[in-house]
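Topology and contacts: notes
Here is how the chains run, residue by residue.
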Amino acid sequence: MAKFKVQKKTLVYDGRIVRLVVSDGLIRGRKARWEVVHHVGSVGIVPFLTKDKVVLVEQFRYAVGERLLEIPAGTLHKGEAPLSAAKREIQEEIGYAAGRFEKLNIFYPSPGVTDEFVEIYKATGLKPSKLAADFDEDIKVKVVKLSDALKYIREGRIKDAKTIIALLLVADKR
């Protein structure tokens, strides 16, 4: 493993969700620079309405300029545990509370530039329970068969990485 020696860190941006830090230092005795986006972390949930039907959301994603079909997901609030965030997010995004949550996995979506993690849950035993949605979200709820969601991945209709990973995880457990 290479030895990293950080000599100087510069905070470039400090926002509500991310911080950008540029670190200058040495790796194997040579000058190096690392640009890292520090992120509070996020959660994604695969909510099962029935044994074979999952609830997805369609929403516009400004960064990519298009509407994407995704699992309900969101960013942790400061000091919030991932499971608490998962419970909050499905109520905000799809209007349900879950009787049971099963943690499936944690992954890093882009570890070359960010320390963000996404903790993935399967939710079952759904009951209507609505929380107010975030003001900046325009979400359409879609109920689809799991088999159709997997087909959408193969067809390129689902492009979101956390959604692809989460749906493949639940399909693999069947």
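**Considering the nonpolar core**
Ranked by internal contacts, the top residues of the largest apolar core, which has 20 residues, are V46, V54, L56, I120, L146, I158 and L167. Those elements giving two or more residues to this core turn out to be β5 (53-61), β9 (100-107), β10 (118-124), α2 (146-155) and α3 (161-172). At 5 residues, the largest contribution of residues to this core is made by α2. Each residue touching V54, except ones within four places of it in the same chain, is listed here: V46, P47, F48, K142, V143, V144 and L146.

**Looking at the sheet that holds β5**
If you trace the 3 strands from one edge of the open sheet to the other, you get β6-β5-β12, paired in antiparallel fashion. In this open sheet, the two edge strands, each paired with only one partner strand, are β6 (66-70) and β12 (139-145). In this sheet, neighbouring strand axes are inclined to one another by 25 degrees on average, regardless of whether the strands run parallel or antiparallel. As paired strands, β5 and β6 are joined by 5 bridges and run antiparallel to one another. Across the sheet, the residue bridging to R61 is E66, located in β6. Docked against the sheet, α2 engages β5, β6 and β12, running at close to 110 degrees with respect to β12.

**Side note on the sheet that holds strand β4 (residues 42-47)**
Taken in spatial order, the 4 strands line up as β7-β4-β10-β9 in an open sheet, and their pairing is mixed. Edge positions in the sheet fall to β7 (73-75) and β9, since each of these pairs with one other strand and no more. When strand polarity is set aside, the average angle formed by the axes of neighbouring strands in this sheet is 20 degrees. Sheet topology note: the β4/β7 ladder contains 3 bridges and is antiparallel.

**So, the pattern of salt bridges**
As a working rule, side chains carrying opposite charge can pair if their charged atoms are close by. With the rule as written, the count across this model stands at 14 salt bridges. Among the ionic pairs, K173 bridges to E102, the shortest N-O distance being 2.7 Å. Separated by 71 residues along the polypeptide, K173 in the segment after α3 and E102 in strand β9 bring together distant segments of the chain. Residue classification places K173 among the exposed residues on the basis of a relative accessible area of 54%. A salt bridge links K162 to D160, with the nearest nitrogen and oxygen atoms 2.8 Å apart.

**Focus: the packing of aromatic side chains**
Going through the model one piece at a time under the given rule, you end up with 2 aromatic pairs. Ring plane angle 55 degrees and centroid distance 5.4 Å describe the contact between F4 and W34, whose orientation is recorded as tilted. Of this pair, F4 sits in strand β1 (residues 4-14) while W34 sits in strand β3 (residues 30-39), and the two are 30 residues apart along the sequence. Measuring from centroid to centroid gives 6.1 Å for F101 and Y121, while their planes differ by 85 degrees, and the two rings are edge-to-face. A residue pair is termed long-range when its members are at least 10 positions apart, and F101 in strand β9 and Y121 in strand β10 qualify at 20 residues. The exposure class assigned to F101 is buried, which follows from its relative accessible area of 18%. By relative accessible area, which is 5% here, Y121 ends up buried. Its guanidinium or amino end placed over the ring of F48, K122 lies 5.1 Å from that ring's centre, counting from NZ or CZ.

What counts as what
- Residues numbered from 1 in each chain as written.
- Predicted model: local features only at pLDDT ≥ 70, side-chain atom pairs only at ≥ 80, totals over all residues.
- Heavy atoms only, no water.
- Core = buried A, V, L, I, M, F, W, Y, C linked by side-chain atoms within 4.5 Å.
- Buried < 20%, exposed > 50% of the residue type's maximum accessible area, 1.4 Å probe, protein only.
- Helix = DSSP H or I, 4+ residues; strand = E, 2+ residues; numbered from the N terminus.
- Contact = heavy atoms within 4.5 Å.
- Pairing = 2+ DSSP bridges.
- Axes fitted to C-alpha atoms, helices over the stretch in contact; angles between N-to-C directions.
- Salt bridge = Lys/Arg side-chain N within 4 Å of Asp/Glu carboxyl O.
- Phe/Tyr/Trp six-rings, centres within 6.5 Å; stacked < 30°, edge-to-face > 60°.
- Lys NZ or Arg CZ within 6 Å of the ring centre and 35° of its normal.

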